[in-house]
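What follows is each chain in one-letter form.
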Amino acid sequence: MPDPLGNFAFTWPFYAGGVIAYLIGALPMGLIVARCFRLGDLRRIGSGNIGATNVLRTGNKAAAALTLLLDGGKGAVAVVIAQRFGPDMAVIAAGCVVVGHIAPVWLLFKGGKGVATTLGVLLAIAWPVGLVACGLWLAVAGLFRYSSLAALIAICAAPGFALLFDMPQIAWLAGFLAVIVTLRHGANIVRLARGREPRIGRSEPAVPEAEPPVGQ
């Protein structure tokens, strides 16, 4: 990896690549899809999140599936483009695109939880790790019907599988992504512990109008 404090003549492409990846990640696909499907402002619906899980709470499965694909797709696209400039650039783009999704400048840094984008990143940068993570998500979600629990288990397991597949650089990346995604799920973890987390497909009380919008 390049030294961030190194010679700027060498490091500026990495900064530029990181910024571009961040801006790709910051595209609020859930909001765009919801508006195209005339579902309203997701920040005022259900949990207030702008990800596929909250889109599903509107009852529109097609819109939820499209949001999932677009959120994962933007992560994969950022990585695929960056891979043309080397593995270090790909790792930087992978981290920045997820940060962009979680803290988009367009939404005052109140974005999503990064699950679909992280899975898209892992599939693009290390497909064996990505496939295992996706498989874990599907298995846990199908068994327990908790999207947040499935996401936490799948993404937190990814660094270990990267090490198992002898991918140390990917393990560091997956560890970073696991930390920021877990932090973004703080409220979900509390609700899971209290038995109050809504299951997949269940409705959730709407976000009060007085509260600032949050996102997924």
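Structure's up top.
Nothing here was measured: the structure is a model prediction, and the numbers come from that model. (Residues numbered from 1 in each chain as written. Predicted model: local features only at pLDDT ≥ 70, side-chain atom pairs only at ≥ 80, totals over all residues. Heavy atoms only, no water.)

Undergrad: It is not clear to me how the pattern of salt bridges should be interpreted in this structure. Could you clarify?
TA: Pairs can form between side chains of opposite charge whenever their charged atoms are close. Taken as a whole, this structure holds 3 salt bridges when the rule is applied. Arg43 is the salt-bridge partner of Asp41, the closest N and O atoms lying 3.0 Å from each other. Judged by its relative accessible area of 26%, Asp41 falls in the partly exposed class. (Salt bridge = Lys/Arg side-chain N within 4 Å of Asp/Glu carboxyl O. Buried < 20%, exposed > 50% of the residue type's maximum accessible area, 1.4 Å probe, protein only.)

Undergrad: Could you clarify how one ought to interpret the nonpolar core in this entry?
TA: Here is a general trend for soluble globular proteins: nonpolar side chains tend to be buried in one another's company. Ranked by size, the top nonpolar core spans 34 residues in total, and within it Val98, Val121, Ile125 and Leu173 carry the most contacts. Secondary structure elements with two or more residues in this core: helix H1 (8–25), helix H4 (61–83), helix H5 (87–102), helix H6 (115–125), helix H7 (127–144), helix H8 (147–164) and helix H9 (168–184). Per-element accounting of this core gives the leading share, 9 residues, to H5. Beyond its immediate stretch of four places on either side in the chain, Ile125 contacts Val79, Gln83, Ala90, Val91, Ala94, Ile170 and Leu173. Residues Ala34, Leu42, Ile50 and Ala63 belong to the second largest nonpolar core, which totals 9 residues. (Core = buried A, V, L, I, M, F, W, Y, C linked by side-chain atoms within 4.5 Å. Helix = DSSP H or I, 4+ residues; strand = E, 2+ residues; numbered from the N terminus. Contact = heavy atoms within 4.5 Å.)

Undergrad: Sorry if this is basic, but what is going on with the environment of Gln169 here?
TA: Position of Gln169 relative to the elements: it lies in helix H9. The partly exposed category is assigned to Gln169, whose relative accessible area is 29%. The spatial distance from the C-alpha of Gln169 to the C-alpha of Pro87 is 9.4 Å, given a sequence separation of 82 residues.

Undergrad: Explain unusual backbone geometry here, please?
TA: A negative phi holds for most residues other than glycine; trans holds for most peptide bonds. A positive phi is found at Arg38, a non-glycine position, where the angle reads about 55 degrees. In this structure, Arg38 sits in the loop between helix H2 (29–36) and helix H3 (52–56). The exposure class of Arg38 is exposed, given its relative accessible area of 78%. Even without a glycine there, the phi angle at Arg145 is positive, about 65 degrees. Looking at where Arg145 falls in the secondary structure, it is placed in the loop between H7 and H8. For Arg145, a relative accessible area of 40% corresponds to the partly exposed category.

Undergrad: Got a minute to help me understand the packing of H5 against H9 in this structure?
TA: Each pair of packed helices gets described by two things: the angle between the helix axes and the distance between those axes. As a packed pair, H5 and H9 sit with axes 11 Å apart at the nearest point and diverge in direction by 5 degrees. By the angle between their axes, H5 is roughly parallel relative to H9. Residue-level inspection shows Pro87, Asp88, Val91, Ala94, Gly95, Val98, Val99 and Ile102 of H5 in contact with H9, the latter providing Gln169, Leu173, Phe176, Leu177, Ile180 and Arg184. Residue composition of the contact of H5 with H9, grouped by class: 10 nonpolar, 2 polar and 2 charged. (Axes fitted to C-alpha atoms, helices over the stretch in contact; angles between N-to-C directions. Parallel < 35°, antiparallel > 145°, perpendicular 65-115°, else oblique. Nonpolar A, V, L, I, M, F, W, Y, C, P; charged D, E, K, R; others polar.)

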